[in-house]
Each structure stands twice: as structure tokens, then as C-alpha cells.
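Each chain, letter by letter, is given below.
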Amino acid sequence: MITYPSVTSCLTVTVRLGDGGLAGAHASLFRVPGELRSDEILAALAGIVGERPVTAVEVRGAVGAWHPSYFTRAVESYGDGENIPVPTGLDFDGLGREVARGLGLPRDLVTVADVPDGDQIVD
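Right, let's walk through the structure included here. The structure displayed is predicted, hence computed values, not measured ones.

**Description of helix H1 (residues 41–49)**
At step 1: Burial in H1 covers these residues: Ile 41, Leu 42, Leu 45 and Val 49. Buried residues of H1 fall within an arc of 90° about the axis and therefore sit on the same side. Counted as exposed and oriented over 90 degrees from the buried face of H1: Ala 43 and Gly 47.
At step 2: Those residues of H1 that are buried lie in contact with strand S2 (11–17), strand S3 (22–27), strand S4 (54–61) and helix H2 (92–103).

Right, dumping it as C-alpha cells:
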């Protein structure tokens, strides 16, 4: 079981492994001190998963707050005068594609759900 506390403007990415195990990441729109930026999360998670078989990937959270590109370039990496992409709606497919790409997995393994604020428990 993985508990993701206080998911508000965040997304969670949970990888279901073939042996029944779970690996996960809590992706914040803005870097939390001492933690990874949103553009570092997927590579770190892929490293944890390694070559183990994956049966599914679940992305949950504030879908409307996220542009898919935040997984490749974090919001705080933009300089003065640069335009930060702004989400224009619930881009389930775009987020699913970007998470699949970042994890090196087929798109059809990834589901995306917009869920209300609060703790998320995945078991």
C-alpha cells in the first residue's frame, strides 16, 4: 500500500508491478525543498522500477492543474520573460502519453483520473 498525503495541486504516479508490488511518486507542481522537481520524477521512478514487469500505471490528482510538459520541464525552471505552458482543461491523454514516455512504457498501460483534494491510498 502507498499513501500519498495532501494531494491538492499535485499528481501521483503509481506503477503496479507484475509481482504485485507498487512503486510510486508524488509529483508537485512546484519543487518541495529536498525533493525532486516535476521534470525529475519520471526518470527517478523508472530507475526504481528497473526491468521489472509492469502491469499498469495509475496517474491521479489535480489533472486540470497540470500541463503534460511539466514532466519534461518544471514550472520553476522557466526564466523571466519565458512563457510557461498553462493547462487549458483536463488533458487525460496528454498526461498519459507523457507519463508513458517518461517511464518507457506503452501508453495503454497508463490510466489518468482527476480526483478530489486529500490523501490518496493505493493498495
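**A closer look at the side chain of Ser 38**
At step 1: Assignment of secondary structure puts Ser 38 in the loop between S3 and H1.
At step 2: For Ser 38, the contacting residues outside a window of four places in its chain are Ser 28, Trp 66, Tyr 70, Phe 71 and Ala 74.

**Considering the pattern of salt bridges**
At step 1: For the structure on display, the rule yields eight salt bridges.
At step 2: Put simply, Asp 39 and Arg 37 hold a salt bridge, and the shortest N to O gap is 2.7 Å.
At step 3: When its relative accessible area of 22% is taken as the criterion, Arg 37 is described as partly exposed.
At step 4: The salt bridge partner of Asp 93 is Arg 107, with a shortest N-O separation of 3.2 Å. Linking Asp 93 in helix H2 with Arg 107 in the loop between H2 and strand S5 (110–114), this pair joins segments that are 14 residues apart in sequence.
At step 5: What makes Asp 93 partly exposed here is its relative accessible area of 39%.
At step 6: Residues joined in a network through salt bridges with shared partners are Arg 16, Glu 58 and Arg 60.

Conventions used here
- Residues numbered from 1 in each chain as written.
- Predicted model: local features only at pLDDT ≥ 70, side-chain atom pairs only at ≥ 80, totals over all residues.
- Heavy atoms only, no water.
- Buried < 20%, exposed > 50% of the residue type's maximum accessible area, 1.4 Å probe, protein only.
- Helix = DSSP H or I, 4+ residues; strand = E, 2+ residues; numbered from the N terminus.
- Arc of directions from axis to C-beta.
- Contact = heavy atoms within 4.5 Å.
- Salt bridge = Lys/Arg side-chain N within 4 Å of Asp/Glu carboxyl O.

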